[in-house]
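# Breakdown of the fold
Residues per chain are reported as follows:
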Amino acid sequence: KLKLFSPVAFTDFLEIETARRVRYKISNSSFLIMQFQDLEKLQIRLGRRAEEVFIELSAIFKATLRQSDVISARNESIFLMVLTETALPEAQLVGQRLTDEITQLFENNIDYSPVISMVIKQIDKELQVDTLLEQFLEKNVH
């Protein structure tokens, strides 16, 4: 089962990871926001199968993310992730792998291509999660 952290626990972890990164300056970690744009349409198409597809979706997150990564859901369509010890190029690969596998899941199960938006930033003291999330949502409202 995928371990989703509460927004409060996620924020606490992100603050700790930021402080660790700033203090030791020996590695990189990344922050990722992923949004399913058209979730309402998706849920309508899934109907009764919604639960089983969402179980498969959480299996994709679990298989792609490492145990040291932290994931939280802002709501059922927005996920926030801390990818520890992961520089931006590797974080982009993780994001691409998640997008590819999620797209494949929906295309194979209900012949549907989800619209997935994502932003990935390096974790450092300049990272302002609330501002980033606000800008991301403004840009990706459909």
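The coordinates are above.
Residues numbered from 1 in each chain as written. Predicted model: local features only at pLDDT ≥ 70, side-chain atom pairs only at ≥ 80, totals over all residues. Heavy atoms only, no water.

This part takes up unusual backbone geometry. Backbone geometry at K25 places phi at a positive 45°, although glycine is not the residue there. Judged by its relative accessible area of 66%, K25 falls in the exposed class. Although it is not a glycine, E85 adopts a positive phi angle of roughly 50°. Following the sequence through the fold, E85 ends up in the loop between β4 (78-83) and α4 (88-110). (Buried < 20%, exposed > 50% of the residue type's maximum accessible area, 1.4 Å probe, protein only. Helix = DSSP H or I, 4+ residues; strand = E, 2+ residues; numbered from the N terminus.)

Let's shift gears to the layout of surface pockets. In this model, the largest pocket occupies a volume close to 310 Å³. Going through the elements one at a time, α1 (7-24), β3 (70-75) and α5 (129-139) are the ones with two or more residues in the lining of the largest pocket. Tallied by class, residues from the lining of the largest pocket come to seven nonpolar, four polar and four charged. (1 Å grid on protein atoms, 1.4 Å probe; cavity = no way out; pocket = protein on both sides within 12 Å on 5 of 7 lines; lining within 4 Å. Points joined across faces, edges and corners; volume = space filled by probe spheres on them. Nonpolar A, V, L, I, M, F, W, Y, C, P; charged D, E, K, R; others polar.)

Turning next to the side chain of T18. With respect to the helices and strands, the residue T18 is situated in helix α1. Filtering out sequence-adjacent residues up to four positions away, T18 remains in contact with I123, D124 and K125. (Contact = heavy atoms within 4.5 Å.)

The subject of this paragraph is the nonpolar core. F61, M81, L98, I102 and F106 are the most contacted members of the largest nonpolar core, which totals 27 residues. The element best represented in this core is α4, accounting for seven residues. Residues V82, L127, L133 and F136 belong to the second largest nonpolar core, which totals 15 residues. (Core = buried A, V, L, I, M, F, W, Y, C linked by side-chain atoms within 4.5 Å.)

In this section: the packing of aromatic side chains. Within the structure shown, the criterion is met by three aromatic pairs. Their ring planes at 50° and their centres at 6.3 Å tell us that F10 and F31 sit as a pair that is tilted. Here F10, found in helix α1, pairs with F31, found in strand β2 (residues 30-36); they are 21 residues apart in sequence, far enough to count as distant. A centroid spacing of 4.9 Å and a plane angle of 45° characterise the contact between F61 and F79, whose relative ring orientation is tilted. Linking F61 in helix α3 (residues 50-64) with F79 in strand β4, this pair joins segments that are 18 residues apart in sequence. Using a relative accessible area of 9% as the deciding quantity, one classes F79 as buried. (Phe/Tyr/Trp six-rings, centres within 6.5 Å; stacked < 30°, edge-to-face > 60°.)

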